[in-house]
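One letter stands for each residue in the lines below.
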Amino acid sequence: DRLELARKKYLNQTTYETNYKNFLSNPDIDAIAIVVETESHFYIAKEAILAGKHVFIEKPITASVEEAEELKQLAKAQNVKIHVDHIMIYHPSIKKVKSLIDSGEIGNLLYFDSSRMNLGKIKNDVSAMWDLAVHDIAIIDFLIGGKNHIDVTAMGQRYWSKKESLTFLGIKYEGFIAHLKSSWVSPVKERRMIIAGEKKMVVFDDMLNADKMIIYDKGFEYEDTTSTIEYSDYALRVREGDASIPYLPVEDALRNSIEHFIMAIKNNTESNSGPEQAIRVIKILEEADKILNIDLN
């Protein structure tokens, strides 16, 4: 039934099969895109890699670090590429934030705050955290160049599901902290993040059609307190500067992701969202799961 719906939409633009193994055995196919439920990622990806196919895989890469490590080693042995569709790191807004950080324009990071909420779809194979916060963890990893986290805290609640439908994830990195809210039980859909630096702060709202990003020239400065020596260590003055809306090129993040995957294959280079990055991401999710399971028990 699903294939018939696809045929009506895409007509003869593609080939349809009820058994994906027919694609794996086709010598004319170089790469496989795996867009199924998370629990099946590992098994299909493993078959594809052993068949010598490059793999484009939906996030999260697998349901566990152990599975992801095995795929990484298999891909290396088979000399094929794995590209995880951490789509937000290919978004023009996130690439702009990366340039602001790398140039030093916003200064050292203070905190990262994200809210990803909507009403449903409630899933049973992954939690809201694995479904939504995975985007923000990948974004942070990209922005800071893959530096490892220091600590993780987590709270969550299950509603009508075997997995958490609402989670609050805290991550400590060297010099800054991140707070990620993920929810399938919100009456409004929200995709909003704040990236605060010592010099400037950025607000990115992906639900807006225009002006998705605003850069605030706001922060704190030490005030001259020669007349009040006793407060010299605490005298901070709020600095209120301009707010600017940067030009962002009109780009499709998914197209950028696919093109990056293709270039990694052609140039024999590693993807920015390859298995190394994907493993760093789900290590955090696994740590958080352990905390959530302790709380539930």
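Residues numbered from 1 in each chain as written. Predicted model: local features only at pLDDT ≥ 70, side-chain atom pairs only at ≥ 80, totals over all residues. Heavy atoms only, no water.

Side note on the packing of aromatic side chains
So, point 1. Going through the model one piece at a time under the given rule, you end up with 4 aromatic pairs.
So, point 2. When the centroid spacing of 5.3 Å and the interplanar angle of 75 degrees are considered together, the rings of phenylalanine 42 and tyrosine 43 count as edge-to-face.
So, point 3. Geometrically, the ring pair formed by tyrosine 173 and phenylalanine 176 is stacked, given 4.9 Å between the ring centres and 10 degrees between the ring planes. There is no split in this pair, since tyrosine 173 and phenylalanine 176 are both buried.
So, point 4. Across the ring face of phenylalanine 142, the terminal group of lysine 98 is positioned such that the distance to the ring centre comes to 5.5 Å. (Phe/Tyr/Trp six-rings, centres within 6.5 Å; stacked < 30°, edge-to-face > 60°. Buried < 20%, exposed > 50% of the residue type's maximum accessible area, 1.4 Å probe, protein only. Lys NZ or Arg CZ within 6 Å of the ring centre and 35° of its normal.)

Considering the nonpolar core
Nonpolar side chains tend toward joint burial in soluble globular proteins.
So, point 1. Among the nonpolar cores identified, the biggest contains 63 residues, and Ile61, Phe112, Leu169, Ile171 and Leu180 are the most heavily contacted of them.
So, point 2. When residues in this core are grouped by element, the largest group, 10 residues, is from helix α6 (residues 128-143).
So, point 3. Beyond its immediate sequence surroundings of up to four residues, isoleucine 61 is in contact with His41, Ala68, Leu71, Ile82, Val84, Pro275, Ala278 and Ile282. (Core = buried A, V, L, I, M, F, W, Y, C linked by side-chain atoms within 4.5 Å. Helix = DSSP H or I, 4+ residues; strand = E, 2+ residues; numbered from the N terminus. Contact = heavy atoms within 4.5 Å.)

Digging into empty space enclosed by the protein
So, point 1. Using the criterion set out here, one finds 1 cavity of 30 Å³ or more in the structure.
So, point 2. Approximately 30 Å³ is the volume found for the largest cavity.
So, point 3. Forming the boundary of the largest cavity are Leu109, Phe112, Ile140, Leu143, Ile144, Phe176 and Ile195.
So, point 4. Within the lining of the largest cavity, the residues separate by chemical class into 7 nonpolar, no polar and no charged. (1 Å grid on protein atoms, 1.4 Å probe; cavity = no way out; pocket = protein on both sides within 12 Å on 5 of 7 lines; lining within 4 Å. Points joined across faces, edges and corners; volume = space filled by probe spheres on them. Nonpolar A, V, L, I, M, F, W, Y, C, P; charged D, E, K, R; others polar.)

Regarding the pattern of salt bridges
So, point 1. Evaluation of the coordinates by the stated rule reveals 16 salt bridges.
So, point 2. The salt bridge involving lysine 212 is made with aspartate 206; its shortest N-O contact spans 3.2 Å.
So, point 3. The class of lysine 212 is partly exposed, set by a relative accessible area of 22%.
So, point 4. Where salt bridges share partners, they join Lys59, Lys123 and Asp131 into one cluster. (Salt bridge = Lys/Arg side-chain N within 4 Å of Asp/Glu carboxyl O.)

Some details on the packing of helix α5 (residues 92-102) against α6
So, point 1. With their axes 9 Å apart at the nearest point, α5 and α6 run at an angle of 35 degrees to one another. As α5 runs across α6, the sense of the crossing is right-handed. Packed against α5, whose contacting residues are Ile94, Val97, Lys98, Ile101 and Asp102, the element α6 presents Ile139, Phe142 and Leu143 at the interface.
So, point 2. Among the residues forming the contact of α5 with α6, the class breakdown is 6 nonpolar, no polar and 2 charged. (Axes fitted to C-alpha atoms, helices over the stretch in contact; angles between N-to-C directions. Left-handed = near helix turned anticlockwise from the far one by under 90°.)

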